[in-house]
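Listed below, chain by chain, are the residues.
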Amino acid sequence: MSNTILMEVLDSINPQLLLEEKTLKAAVSANLPMQRIEGIALKAHSPINITQYDSAPLLVLIGLDEESLSATPLFENALIRWKNINANQYNETPLFDTIKNKIPPAQIPQPVAAVTASHHYTIEVLNLRSKLNLQWETSEYTIQVVNGDWVSNTIVLQLLTRDE
């Protein structure tokens, strides 16, 4: 797993695009590596002026193959771990929203022989303000995504007013 390469992909994105979600996924897709990279990388626009913006976008890039996906399904296991540094509060929430009234899938038997796995990238853009129910006040957060034993880079999100 190499988060470093995925983080480099996200670092090549213009930070202003993080506030313009419509073109963000296309910009990330254009920079994806051709090799199979497994890992999780995060990027957020920080600091955010809370008097000017009403959202806190988080860009999540996940590279994985079918074997990893079947062992630790993203939609069931991926979590956002966050800490409000100012209030010393810690919590976690599912990365993906659950579908209400969904019947759990049946257990799929694992193949006995090795199978050539396909690889793909997942790009998610989340509004941390609504996803984590953040208080829209001056504060500082650390954000990380985990899926099984995979851990993303940790980002710091600062919410500031214009005067700070």
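Please refer to the structure placed before this passage.
This is a predicted model, so every value here is computed, not measured.

Report on the overall build of the protein chain, specifying residues and quantitative values.
Secondary structure assignment for the protein chain yields five helices and nine strands. Along the protein chain, helices and strands appear, N-terminal first, in the series α-α-β-β-β-α-α-β-β-β-α-β-β-β. Sorting the 164 residues of the protein chain into buried and exposed places 42% on the buried side. In the protein chain, 70% of the contacts between residues at least 6 apart in sequence involve partners at least 24 apart. For the protein chain, the accessible surface area stands at approximately 9,800 Å², while carbon and sulfur atoms represent 50% of it.

Describe the side chain of N84, with residues and values.
Relative to the helices and strands, N84 is located in strand β4 (residues 79–84). Overall, N84 belongs to the buried group, its relative accessible area being 8%. A polar atom in the side chain of N84 sits 3.4 Å from the side chain of Y141. Apart from the residues within four sequence positions on either side, N84 is in contact with Q89, S139, E140 and Y141.

Run through the packing of aromatic side chains, naming residues and quoting values.
Enumeration according to the criterion identifies two aromatic pairs in this entry. Aromatic pair F75 and F96: ring centres 4.3 Å apart, planes at 40 degrees, arrangement tilted. On the criterion of sequence distance, the pair formed by F75 in helix α4 (residues 74–77) and F96 in the loop between β5 (89–94) and β6 (119–127) is long-range, its members being 21 residues apart. F75 sits in the exposed class, given a relative accessible area of 63%. Residue class for F96 comes out buried when judged on its relative accessible area of 7%.

Provide a residue-level description of the side chain of N49, including the pertinent values.
You can see N49 is positioned in strand β2 (residues 48–49). Non-local contacts of N49, meaning those with residues more than four positions away in its chain, are made with L160, T161 and R162.

Give me the lowdown on the environment of A71, citing residues and values where you can.
You can see A71 is positioned in helix α3 (residues 66–71). A71 sits in the exposed class, given a relative accessible area of 61%. Sequence separation between A71 and G148 is 77 residues, and the spatial gap between their C-alpha atoms is 9.0 Å.

Tell me about the pairing of strand β1 (residues 39–44), and name the residues and values.
Counting buried residues in β1 gives six out of six residues, a clear majority hidden from the surface. Burial along β1 is two-sided: G39, A41 and K43 facing one way and I40, L42 and A44 facing the other are all buried.

Could you give an account of unusual backbone geometry, with specific residues and numbers?
Note: most residues except glycine have negative phi, and most peptide bonds are trans. P47 follows S46 through a cis peptide bond whose omega is 0 degrees. For P47, the position within the fold is in the loop between β1 and β2. Residue N133 is not a glycine yet carries a positive backbone phi of 55 degrees. If you trace the backbone, N133 turns up in the loop between α5 (128–131) and β7 (139–147). Judged by its relative accessible area of 62%, N133 is exposed.

Here is what the cut-offs are and how they apply
- Residues numbered from 1 in each chain as written.
- Predicted model: local features only at pLDDT ≥ 70, side-chain atom pairs only at ≥ 80, totals over all residues.
- Heavy atoms only, no water.
- Helix = DSSP H or I, 4+ residues; strand = E, 2+ residues; numbered from the N terminus.
- Buried < 20%, exposed > 50% of the residue type's maximum accessible area, 1.4 Å probe, protein only.
- Contact = heavy atoms within 4.5 Å.
- Areas by Shrake-Rupley, 256 points an atom, 1.4 Å probe, with all protein chains shown as cover.
- Polar contact = N/O pair within 3.5 Å; in protein donor to acceptor, adjacent residues only side chain to side chain.
- Phe/Tyr/Trp six-rings, centres within 6.5 Å; stacked < 30°, edge-to-face > 60°.

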